[in-house]
Amino acid sequence: MKEGRTKRGIVFILSLMVFLLTFLICWQIKTVKVNSEDVLKLQREDELRDEVLKWKQMYENVSENLNVTEATLQEYRDNAIQGDKTSELLKKELEQVNAISGITDIKGEGITITLKDAEILDPNFLAEDQIVHDTDILKIVNELRASGAEAISINEQRVINTTAIRCVGPTILVNDVKIGAPFVIKAIGNSDTLYSGMNLTGGIVYTLKKYNIQVDIKQSEEVEIPKYEGALTLKYAKGSDGE
């Protein structure tokens, strides 16, 4: 009887020890699992943090490159606009130079002067005073220039700085081309100013009319003057450097 109780006691103790051992093993496993999950969670957070930092750095690099590219594009735009303005100014200056030098056709507001010898000679004046001379045309050209003419032609011969106007028998030589009456002089400029300059009392037109020379002046919104057809080379003039 006593021996049976002893065996049951031993069994109980062993069972209790097994239970406790099992409990401790389970608790340990759970603790390890929790710790492992925490470690994995921390590792994942670190990885995500690194990934975020990497993408942030990439964004900053792209943003910086984008800013640089935009600044470069803006510089190109500014240079293009400036280049267009410069080109336009150069184009206008070139057009003005060409117009002044006479190497291009030109048209614009101006006047047309037609000169003819006297139809009926007045015995009170010399016959030679009643016909158009080279000096008369030259005086008209000078008066037109003084009144602001930008371009002048005589019978479609463009007048430039080197143009010679002189008599050759019954004709007049302009740019080495012989022309005869009627003499048609065209001038481009402010038509009112040019017209007034030609009708000054005591001026060249006033004098020509006095000697019965026929003078007709018309204002026009569009006068066409052809380009100079001769050579523009200088025979004797040289640059200041001797070339």
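Just so it is clear, the model here is predicted, and its values are computed rather than measured.

**Considering the nonpolar core**
(1) Moving on: Ile113, Leu115, Ile137, Ile140, Leu144, Ile154 and Ile185 are the most contacted members of the largest nonpolar core, which totals 27 residues.
(2) Moving on: Looking at this core, the elements with two or more residues in it are strand E1 (106–116), helix H2 (134–146), strand E2 (151–154), strand E5 (171–174), strand E7 (183–188), helix H3 (191–198), helix H4 (204–210) and strand E8 (214–225).
(3) Moving on: Considering every element that reaches this core, the biggest residue donor is H2, with 4 residues.
(4) Moving on: Ignoring sequence-local partners within four residues, the contact set of isoleucine 137 consists of Leu115, Val132, Ile154, Ile165, Ile172, Phe183 and Ile185.
(5) Moving on: If you look at the next biggest cluster of nonpolar residues, it comprises 5 residues, including Ile106, Ala151, Val223 and Ile225.

**As for the pattern of salt bridges**
(1) Moving on: Inspection of every chain in the model, using the stated rule, returns 2 salt bridges.
(2) Moving on: Residues lysine 186 and glutamate 156 are paired through a salt bridge, measuring 2.9 Å at the closest nitrogen-oxygen approach. On the criterion of sequence distance, the pair formed by lysine 186 in strand E7 and glutamate 156 in the loop between E2 and strand E3 (157–159) is long-range, its members being 30 residues apart.
(3) Moving on: Lysine 186 sits in the buried class, given a relative accessible area of 18%.
(4) Moving on: Note that arginine 166 is salt-bridged to aspartate 176, the shortest N-O span being 3.9 Å. With arginine 166 in strand E4 (residues 165–168) and aspartate 176 in the loop between E5 and strand E6 (177–179), the pair connects residues that are 10 residues apart, well separated along the chain.

**A short note on the packing of aromatic side chains**
(1) Moving on: Tallied over the entire structure, the rule returns 1 aromatic pair.
(2) Moving on: Here the aromatic rings of phenylalanine 125 and tyrosine 211 are separated by 4.8 Å at their centres, their planes lie at 65°, and the arrangement is edge-to-face. Here phenylalanine 125 is found in the loop between E1 and H2, whereas its partner tyrosine 211 is found in the loop between H4 and E8, with 86 residues between them in sequence.

**Some details on the environment of aspartate 129**
(1) Moving on: With respect to the helices, strands and loops of the structure, aspartate 129 is situated in the loop between E1 and H2.
(2) Moving on: Classification of aspartate 129 as partly exposed rests on a relative accessible area of 30%.
(3) Moving on: For the pair formed by aspartate 129 and asparagine 212, sequence separation is 83 residues and the distance between their alpha carbons is 9.0 Å.
(4) Moving on: Residues within four places of aspartate 129 in sequence aside, it is in contact with Tyr211 and Ile213.

Conventions we followed
Within each chain, residues carry numbers counting from 1 in the order of the written sequence. In keeping with the model being predicted, local features are shown solely for residues with a pLDDT of at least 70 and side-chain atom pairs are shown and tallied solely at 80 or more, while totals for entire chains, interfaces and linings include all residues. Excluding hydrogens and water, the side-chain values take into account all heavy atoms of the structure. Definition of nonpolar core: a set of buried residues of the types Ala, Val, Leu, Ile, Met, Phe, Trp, Tyr and Cys, connected through side-chain atoms within 4.5 Å. Think of it in three bands: residues with accessible area under 20% of the maximum for their type are buried, residues over 50% are exposed, and the middle band is partly exposed, with areas taken using a 1.4 Å probe on protein chains only. Each helix corresponds to a stretch of at least 4 residues labelled H or I by DSSP, and each strand to a stretch of at least 2 residues labelled E; elements are numbered beginning at the N terminus. Contacts between residues were defined by any pair of non-hydrogen atoms, one from each residue, lying within 4.5 Å. Salt bridge criterion: a side-chain nitrogen from Lys or Arg within 4 Å of a carboxyl oxygen from Asp or Glu. Pairing of aromatic side chains requires ring centres within 6.5 Å, counting the rings of Phe and Tyr and the six-membered ring of Trp. Pairs whose planes differ by under 30 degrees are stacked, by over 60 edge-to-face, and all others tilted.

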